[in-house]
Amino acid sequence: DWADDLGRIELADSEGRIWFTRSVSANTPVLEILYPPEGKKLGIGRNYTLAWRGTDADGDTLWYTVLIRREGNAFWTSLASRITNNSICLDSKRIKLVGSDFPEGSYEIQVKATDGVNTAVKVIHVQIVKQEQIKTYILTVGSDIGLEVNGSGTYEEGDLVKVKAPVEEPMHGF
């Protein structure tokens, strides 16, 4: 039986020898998926980084599992399991968004964060589409007052673009 005030879990054999001990923390991890955003179109054969942020109020180490499934399917496919980093790369060499594994369609991506006992789960919905269905935009950032501003590049439709100017530079003439 599970008790809400459980402080520790022990795995013991029939002779009472303890093989594994885990302290039970009071707080469930907090999880946020940073990229891709909900509804994002992912182009077959393009490289993407799935990123998330997980925190635990108890300071416990978090392990992450990332799963994907076509909407309507009962079974999930594992993209990563029990990792501690906050992102995975979907690229043409390791995890491919191509071929029969992930044909065009609507998918769910699930990220789970656990401290070993408590678990948080987030799910987002994405579309896997042909590359030519992805609109891209070129953003060129410039300054006519001598400031270097970062942010130029090629972005896909739906990407969040942040442009940052140095705050230590004085602004004159305004």
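Coordinates for the structure precede this section.
Sequence positions are assigned chain by chain, starting from 1 and proceeding in written order. Per-residue local features are limited, in this predicted model, to residues with pLDDT of at least 70; the limit for side-chain atom pairs, both in listing and counting, is 80 or more; totals at the level of whole chains, interfaces and linings are taken over all residues. Excluding hydrogens and water, the side-chain figures rest on all heavy atoms present in the structure.

Student: Give me the environment of Thr77: which residues, what numbers.
Tutor: Note that Thr77 resides in strand E7 (residues 77-83). Placed 11 residues apart in sequence, Thr77 and Val66 show a C-alpha to C-alpha distance of 8.6 Å. Only DSSP runs of H or I covering at least 4 residues are called helices, and only runs of E covering at least 2 are called strands; the numbering of each starts at the N terminus.

Student: Pulling in residues and values, what's your account of the pairing of strand E5 (residues 48-55)?
Tutor: Only when DSSP finds a minimum of two bridges between them are two strands counted as paired. As paired strands, strand E3 (residues 30-35) and E5 are joined by 5 bridges and run antiparallel to one another. Bridge pairing links Tyr35 to Ala51 in E5.

Student: With reference to specific residues and values, describe unusual backbone geometry.
Tutor: With an omega of 5°, the peptide bond running from Tyr35 to Pro36 counts as cis. Looking at the element boundaries, Pro36 is found in the loop between E3 and strand E4 (41-43). You will see that Arg82, though not glycine, has its phi angle at about 50°, which is positive. Relative to the elements of secondary structure, Arg82 occurs in strand E7.

Student: Any details on the pattern of salt bridges? Residues and values, ideally.
Tutor: Salt bridges are counted wherever a side-chain nitrogen of Lys or Arg sits within 4 Å of a carboxyl oxygen of Asp or Glu. Here the structure, examined in full by the defined rule, presents 5 salt bridges. Put simply, Glu15 and Arg17 hold a salt bridge, and the shortest N to O gap is 3.4 Å. Put simply, Lys130 and Glu104 hold a salt bridge, and the shortest N to O gap is 4.0 Å. Separated by 26 residues along the polypeptide, Lys130 in the loop between strand E10 (119-129) and strand E11 (136-139) and Glu104 in the loop between strand E8 (87-90) and strand E9 (105-114) bring together distant segments of the chain. Sharing partners across several salt bridges, the network here consists of Asp13, Glu15 and Arg17.

Student: Which residues make up empty space enclosed by the protein, and what values do they have?
Tutor: As defined here, a cavity is a set of points on a 1 Å grid over the protein atoms alone where a 1.4 Å probe fits but cannot get out. A pocket is an open set with protein on both sides within 12 Å along at least five of seven lines, and residues line them when an atom is within 4 Å of a point. Grid points are joined across faces, edges and corners, and a volume is the space filled by probe spheres set on the points. Under the criterion given, the structure shown has 1 cavity of 30 Å³ or more. The computed volume of the largest cavity comes to approximately 30 Å³. Lining the largest cavity are Ile33, Tyr35, Pro36, Leu50, Ala51, Trp52, Ile109, Val111 and Ile124. When residues of the lining of the largest cavity are traced back to their parent elements, those giving at least two are E3, E5 and E9. When residues in the lining of the largest cavity are grouped by element, the largest group, 3 residues, is from E5.

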